[in-house]
Amino acid sequence: MQNRNGASRRDMLRSGMMIVAGATVASTARAQDEKIAQELVQYQNEPKDGQKCNMCAQWVDPNACKIVAGKISPNGYCVAYAPKEG
Ligand code: SF4
């Protein structure tokens, strides 16, 4: 079936699916961009006063953080440090 402009229902569905897929990719990229820059939380590659990233509630093994962007050392530290509970 074609509409007045010659576009079939299948073409319209395909276009709609591509728009949804594009929006999903953009949303994922935006979520990753929402992490805080290391400079803003004074990230350093060394522990501070015995506190280090792999003891923090935001730590993601092996080298990432839930809230700070970029590669994170397990021995690093930043001002957003929050000790793991338990
Ligand atoms: S100390 Fe900072 S960079 Fe390290 S895991 Fe915690 S929040 Fe992330």
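Counting of residues starts from 1 at the beginning of each chain's written sequence and follows it residue by residue. Totals for whole chains, interfaces and linings use all residues, but because this is a predicted model, local features are given only for residues with pLDDT of at least 70 and pairs of side-chain atoms are given and counted only at 80 or more.

1. A look at the overall build of the chain
For clarity, the cut-off: Numbering goes from the N terminus for both helices and strands, where a helix is a DSSP run of H or I of at least four residues and a strand is a run of E of at least two. Counting other C-beta atoms within 10 Å of a residue's own tells you its class, since 20 or more makes it buried, 12 or fewer makes it exposed, and anything in between is partly exposed; those C-beta atoms are placed from the backbone.
In terms of regular secondary structure, the chain is built from one helix and two strands. The helix and strand sequence of the chain, counted from the amino end, reads α-β-β. Burial statistics for the chain: of 86 residues in total, 12% are counted as buried.

2. Here we look at the nonpolar core
The following threshold applies: Under the definition applied here, buried Ala, Val, Leu, Ile, Met, Phe, Trp, Tyr and Cys residues are grouped into a nonpolar core through C-beta atoms within 7 Å. By the criterion used throughout, residues are in contact when their C-beta atoms, derived from the backbone, lie within 7 Å.
Membership of the largest hydrophobic core is limited to nine residues, which are Tyr43, Cys53, Cys56, Trp59, Cys65, Val68, Ile72, Tyr77 and Cys78. Excluding anything up to four places from it in sequence, Tyr43 contacts Gln38, Val68, Gly76 and Cys78.

3. Description of unusual backbone geometry
Asp61 connects to Pro62 through a cis peptide bond whose omega is 10°. Residue placement: Pro62 occurs in the loop between β1 (59-60) and β2 (64-65). One non-glycine residue with positive phi stands out, namely Gln42, at about 55°. Note that Gln42 resides in the loop between α1 (9-33) and β1. We note that Asp49 has phi near 50°; this positive angle belongs to a residue other than glycine. Positionally, Asp49 belongs in the loop between α1 and β1.

4. A look at the environment of Trp59
Along the chain, Trp59 falls in strand β1. Owing to 20 C-beta atoms within 10 Å, Trp59 belongs among the buried residues under this scheme. Distance from Trp59 to Pro74, taken between C-alpha atoms, is 8.0 Å for residues 15 residues apart in sequence. Those residues in contact with Trp59 that lie beyond four places of it in its chain are Cys53, Asn54 and Cys65.

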